[in-house]
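Examination of the molecular architecture
Now for the letters of each chain:
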Amino acid sequence: MLLHEAALELADIAKELQPDDASRGDIDRLVAKLRRVEARAFGPRPRAKKGQGAKWQILAYLREHVGTTVAFVVAIAFELGLTAPEVAVLTRHATRRAR
């Protein structure tokens, strides 16, 4: 029933928002609600197998891009204590800007 309730809430939000009115915050709140529904229905997300998680993916990316601006930015982000998902987002933004 949780999924059905989330779908109804999504429909209500879609009715309220006009295409030009929707903000990133509106979508972020909706995604957070859907993640809560997912967690309640299926439990916590299982951990990635060794070598398949975000840190390993970031490490592989850094090895492929040694010496680039993006690799430097990511190394600094880890030194500052950012989490792997935060570093992944930062990497995507830095890659877009570097192009």
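Just so it is clear, the structure is predicted and the values come from calculations on it, not from any experiment.

How each quantity is defined
The residue count restarts for each chain, going from 1 along the sequence in the order it is written. Only residues with pLDDT of at least 70 are given local features in this predicted model, and only at 80 or more are side-chain atom pairs given and counted; all residues enter the totals for whole chains, interfaces and linings. Just so you know, side-chain values use all the structure's heavy atoms and leave hydrogens and water out. Cavities and pockets were defined on a 1 Å grid built from protein atoms only: a cavity is a group of points that admits a 1.4 Å probe but offers it no way out, a pocket is an open group of points flanked by protein on both sides within 12 Å along at least five of seven lines, and a lining residue is one with an atom within 4 Å of any such point. Grid points are joined across faces, edges and corners, and a volume is the space filled by probe spheres set on the points. Three classes are used: nonpolar for Ala, Val, Leu, Ile, Met, Phe, Trp, Tyr, Cys and Pro, charged for Asp, Glu, Lys and Arg, and polar for all others, with Gly counted as polar. Every helix listed is a DSSP run of H or I at least four residues long, and every strand listed is a run of E at least two residues long, numbered separately from the N terminus.

Now for the layout of surface pockets. Taken as a whole, the largest pocket spans an internal volume of roughly 190 Å³. Forming the walls of the largest pocket are Arg47, Ala48, Lys49, Lys50, Gly51, Gly53, Ala54, Lys55 and Trp56. Here the residues of the lining of the largest pocket are counted per class, giving three nonpolar, two polar and four charged. Around the second largest pocket, the lining residues are Ala54, Gln57, Ile58, Tyr61, Pro85, Ala88, Thr91 and Arg92. Where the lining of the second largest pocket is concerned, the elements lending two or more residues are α3 (54–64) and α5 (84–98). In terms of residue class, the lining of the second largest pocket is built from five nonpolar, two polar and one charged.

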